[in-house]
Amino acid sequence: MKIKRVLNRLKKMLVKRVELKKHEFDGQELVFYFQLSNFFVLKKQIKAEFLVGEEVHTLPSKVTQNNQLTVRIPQNSLSIVDTTSTVTIKINGKTSWITKHPDYEDGDFQDSILFGNKYLTTQVKKNIKVTNRFADFFFMEKTIGASVSSAQYDTLTLKFDKPVPLKEEEVELYAFNNRQFRILSGVLDSSRQTAVIQNFQGMSAGLWRLFINIDKKLYPLSSSFDAKQSFESYHHKVVALNRYSSFCLEMEPHTLKLNAISISKTEDRIFRLSFTVVEAKPGTSYSLLVDEPKSGLVKLYDLEKQANSFTADLPADELLENLFVKRFFIVEQSDEPKVFRFSFERELLASSDTFYKVVFNSQFIKIKFYQRKDLSLGVSLTSSKLKKSIHSIGDFQIDGKIASIEEFIESTAYLLFEDRFSLESVQVQIAGEFNVNLSNLDLLGIKSKDKTVLDVFVIIENVDGIVIRKEKIRYVHAHYKKDNFYSHKKFYDAENNEHHFMITTTPYNNVKIETFTIKNHIQLPANLDAKDENVWLVGERTNTAQDNGIVFFQWLQKNTDIEAYYVIEEDSSDYEGIKHNPNVVAFGSDKHFEIAFKAKVLLCTHDFENILPYKPAKGFLGYENTVKVFLQHGVLGRKNVEYHKKNYDMPFDLFIVSSEPEKQVIVMDEMGYDDSEVAVTGLARFDNLVQQNKPKNILLMPTWRDWINTDEQFLNSEYFLSYTNLIQNTKLLGLLEEYNVNLNFYPHYRAQNYFQNEVDQLHEKIKFIPLGSQTVQQLLIDHALLITDYSSVSFDFTLLSKPVVYYHFDVDRFFRKGILRPVEETFIGGIGTHEEELVTIIEERIKNDFANFDYDITGIIKHTDQNNCHRTFNEVKKLLKPSTEYPMS
């Protein structure tokens with residue numbers, strides 16, 4: 001240990017460091033002050049740059065003999081910051097990693113500036129980000145003076161220097177920090193010079209700068225008082241203070257200092273938490289609050305109190321209802337209730353057992369009590385890891401290994417093959433090293449339809465036959481290709497129908513089995529390689545007709561002599577609206593096979609699995625002789641999708657995009673396509689986006705989470721809990737009632753059944769929209785505000801010049817494998833990272849009559865002329881007859 005400390009000290013002495021000590025706005029320039037350490041060369045070549053979009057501005061810089069570096073951003077560079085811009089520093093040709101100096105962490109200086117109607121914030125993270133984070137607000141430089149008239153529990157009375165020019169009694173203060181904002185509502189007196197602000201529960205810890213909303217313009221509140229004035233709210237001690245003449249509120253969490261703390265577990269599965277505080281109010285009752293930040297769930301437990309000592313009993317089964325991290329607080333029950341964090345030295349936990357291993361639901365769960373970064377008490381709960389893998393696939397057999405089964409009590413492991421649609425399954429017991437010959441399983445018996453997918457899981461069943469764990473299994477030697485397979489076998493049933501089974505993997509290397517059927521009466525063409533250039537087969541997902549596919553198909557029928565066909569499942573709700581069209585064919589029908597055999601051009605919004613009755617792979621029914629056009633189902637630029645050229649043996653011949661940056665930066669540079677294979681035509685469905693009447697209601701339309709694979713995972717997920725909590729949020733429901741607005745909830749198709757079955761007794765202002773009851777495009781047209789998370793339908797809504805609000809409660813996990821373009825470039829609208837912030841942004845849009853955010857979209861959508869279908873048609877025809885050009889109508 002001593003040697004390690006010496007090495008760390010030596011490393012610290014040698015590593016070159018560029019540390020930001022402070023920054024300030026002097027009225028003309030934003031100035032940064034750095035300390036340079038361990039740069040031993042006498043001559044240093046310093047180059048500071050400011051990256052604004054694609055522009056690079058060289059910044060004035062100066063370094064002194066004692067290694068103090070000053071970098072300045074002048075006004076003309078600050079004025080063009082629209083979203084996020086970056087300061088980088090190169091020393092002797094090498095880009096330096098910028099970190100915070102200890103003086104910066106403790107510094108007393110402005111962390112935000114107002115400049116040119118913008119609220120600019122800074123963040124240090126390897127470089128320096130200067131962000132116009134609240135670009136949708138109009139900030140005024142003119143200030144309005146205010147002082148504290150009085151302060152009481154959860155109530156702040158302000159005195160303005162002059163009467164506020166508001167006609168109504170209601171007044172709104174906007175509180176901003178570096179990343180969030182809150183709206184504080186209040187009431188003005190008849191003089192319009194005094195305002196009473198109440199209810200600070202939505203505020204979080206930290207420093208907040210105050211503004212007043214007057215005619216949709218935000219005026220900063222200034223202050224001249226020197227003495228800090230404070231009051232208490234439920235969560236915080238609130239301090240009103242003068243910070244560089246700006247009126248600010250500092251929210252300091254209530255804390256109870258502990259002298260002692262101990263944790264023990266009784267034989268009857270009770271965790272006993274005992275602690276002693278420095279001082280407790282005599283005659284006051286207290287409760288223990290257990291909070292789950294991710295789910296929003298809160299439980300109260302009785303506290304037994306003796307003088308300054310407290311004891312609470314926590315049943316293990318209640319802690320283990322889900323495995324989210326939990327926090328502990330103390331609630332003071334009084335006329336002015338408060339919630340306190342624990343505050344204690346880590347050494348106090350040393351005398352207690354903080355780690356436990358308990359059996360729950362027939363498996364071992366690890367429970368760890370610990371001190372959180374904010375010095376309060378937390379507990380983490382971790383389930384046993386199921387170790388399993390497939391290490392060989394061949395001859396329609398699977399070889400694999402499963403371990404750690406001893407972590408599951410009196411339980412048995414099985415390999416489960418489950419039809420993705422019907423959930424019919426067959427399973428085989430496994431243990432240790434295993435081999436499964438799939439030819440011996442009744443895979444034909446579990447197929448729900450002619451073309452389907454069988455997912456492969458490892459399940460653990462306890463002694464009662466209850467499944468206590470269900471997880472997909474990976475192939476360790478996977479080489480993912482969408483149009484290929486690892487093993488293939490053909491079977492015939494009693495009616496001589498031909499069934500093909502292919503073992504493949506998902507983009508995450510999970511094993512699955514794809515299967516399709518060719519009925520015995522289907523006649524194969526003598527020459528499968530012969531295709532008709534005038535026959536085009538179009539589609540989307542197998543069960544939808546709402547996207548670019550159906551729009552382009554209908555345009556082809558109306559404007560060309562192409563023999564176009566649209567394929568969709570016969571039991572789909574969307575089929576009902578188009579089945580009268582003779583060129584709409586039912587998926588898997590004889591007509592579908594006939595058209596698939598002869599169609600030269602395939603056009604789909606997703607992979608061609610969705611429009612062909614067989615596996616789209618070389619060697620299957622002439623697939624390699626088709627022209628493959630990817631119509632897309634959104635604008636790329638956010639999540640890393642799996643349509644990369646490397647994922648195909650036979651990639652798309654034409655990839656449709658909406659802008660030059662999408663083409664160059666994403667589809668060519670990132671996904672590997674050539675210039676000739678990508679066309680900036682715009683999406684077909686954009687042609688039908690026409691807003692005629694002004695709508696009123698709100699549409700909630702989240703996308704899916706690819707890490708959710710089972711019912712249990714969904715119902716215990718942060719995703720499910722976040723949206724169920726949102727549609728039951730008291731403040732949101734109050735806004736919907738007050739402004740007579742409905743919130744219509746349209747979950748992703750994979751989540752529809754879960755939300756419909758699990759969410760009971762919705763408020764009358766929350767309406768559930770079943771899948772297929774309306775087209776997505778009509779839903780977008782019929783609503784005034786869209787709430788989504790990462791869905792690309794937001795671009796459609798933005799194209800209609802209407803506001804979008806994004807719920808990014810799990811943004812890091814969603815983009816854990818990378819994001820194609822920075823968040824601020826493609827998420828055009830308001831962004832809330834947690835529930836209260838999201839509701840505040842929604843409130844602000846409702847109160848502003850659903851006014852749109854002010855953003856430039858030309859870098860995302862090039863064409864807005866309703867000619868996208870025509871451009872797409874021309875590009876496809878060029879692939880067939882390169883010299884042909886078709887004029888716009």
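Our structure is the block above this text.
The shown structure was predicted, so the numbers you read here are calculated from the model rather than taken from an experiment.

Here is what the cut-offs are and how they apply
- Residues numbered from 1 in each chain as written.
- Predicted model: local features only at pLDDT ≥ 70, side-chain atom pairs only at ≥ 80, totals over all residues.
- Heavy atoms only, no water.
- Helix = DSSP H or I, 4+ residues; strand = E, 2+ residues; numbered from the N terminus.
- Buried < 20%, exposed > 50% of the residue type's maximum accessible area, 1.4 Å probe, protein only.
- Arc of directions from axis to C-beta.
- Contact = heavy atoms within 4.5 Å.
- Polar contact = N/O pair within 3.5 Å; in protein donor to acceptor, adjacent residues only side chain to side chain.
- Pairing = 2+ DSSP bridges.
- Salt bridge = Lys/Arg side-chain N within 4 Å of Asp/Glu carboxyl O.
- Axes fitted to C-alpha atoms, helices over the stretch in contact; angles between N-to-C directions.
- Parallel < 35°, antiparallel > 145°, perpendicular 65-115°, else oblique.
- Left-handed = near helix turned anticlockwise from the far one by under 90°.
- Nonpolar A, V, L, I, M, F, W, Y, C, P; charged D, E, K, R; others polar.

Draft legend 1. Main features of unusual backbone geometry. Even without being a glycine, lysine 126 presents a positive backbone phi close to 75°. Inspection of the secondary structure assignment puts lysine 126 in the loop between strand E11 (118–125) and strand E12 (127–132). Phi at asparagine 496 is positive, roughly 65°, even though this residue is not glycine. Among the structural elements, asparagine 496 can be located in the loop between strand E41 (487–492) and strand E42 (498–505).

Draft legend 2. Looking closely at helix H10 (residues 730–738). Taken residue by residue, H10 has Leu732, Leu733, Leu735 and Leu736 as its buried positions. Each buried residue of H10 lies within a common arc of 160° when the element is viewed along its axis, so the set occupies one face. Facing away from the buried side of H10, by more than 90 degrees, are the exposed residues Thr730 and Glu738. For H10, the elements touching its buried residues are strand E51 (698–700), helix H9 (718–726), strand E52 (743–745), strand E53 (766–768) and helix H16 (835–847). Where H10 starts, the residue carrying a side-chain oxygen 3.0 Å from the main-chain nitrogen of lysine 731 turns out to be asparagine 729.

Draft legend 3. Just the pairing of strand E14 (residues 155–160), in detail. Along E14, five of the six residues are buried, which leaves the element largely enclosed by surrounding structure. Two elements, strand E13 (residues 144–152) and E14, share six bridges in a ladder whose sense is antiparallel. If you follow glutamine 152 over to E14, its bridge partner there is threonine 155. Linkage of E13 to E14, two consecutive antiparallel strands, is achieved through a turn of two residues, within which aspartate 154 is found at a positive phi near 55°.

Draft legend 4. Focus on the pattern of salt bridges. Evaluation of the coordinates by the stated rule reveals 51 salt bridges. Among the salt bridges present, the one from glutamate 19 reaches arginine 17, with a minimum N-O distance of 3.6 Å. On the basis of relative accessibility, which here comes to 10%, the residue glutamate 19 falls in the buried class. Ionic pairing is found between aspartate 317 and arginine 269, a salt bridge with its closest N-O pair at 2.8 Å. Placement of the pair is aspartate 317 in helix H4 (residues 316–319) and arginine 269 in the loop between strand E23 (255–265) and strand E24 (270–277), with a sequence separation of 48 residues. Under the relative-accessibility criterion, aspartate 317 is labelled partly exposed at 40%. When its relative accessible area of 29% is taken as the criterion, arginine 269 is described as partly exposed. Counted as one network, the salt bridges with shared partners bring together Lys451, Lys512, Glu514, Glu609 and Lys615.

Draft legend 5. Quick look at the environment of lysine 159. By the secondary structure assignment, lysine 159 is in strand E14. Each C-alpha atom of the pair lysine 159 and alanine 195 lies 6.7 Å from the other, and the pair is 36 residues apart in sequence. Setting aside its immediate chain neighbours within four residues, lysine 159 contacts Gly145, Ala146, Ser147, Ser149, Gln193 and Thr194.

Draft legend 6. Region of interest: the packing of H10 against H16. As a packed pair, H10 and H16 sit with axes 10 Å apart at the nearest point and diverge in direction by 10°. Classified by the angle between their axes, H10 and H16 sit roughly parallel to one another. Viewed along their axes, H10 and H16 form a crossing whose handedness is left-handed. From H10, Lys731, Leu732 and Leu735 reach across to H16, where they touch Glu836, Val839, Thr840, Ile842, Glu843, Ile846 and Lys847. For the contact of H10 with H16, the residue count by class is five nonpolar, one polar and four charged.

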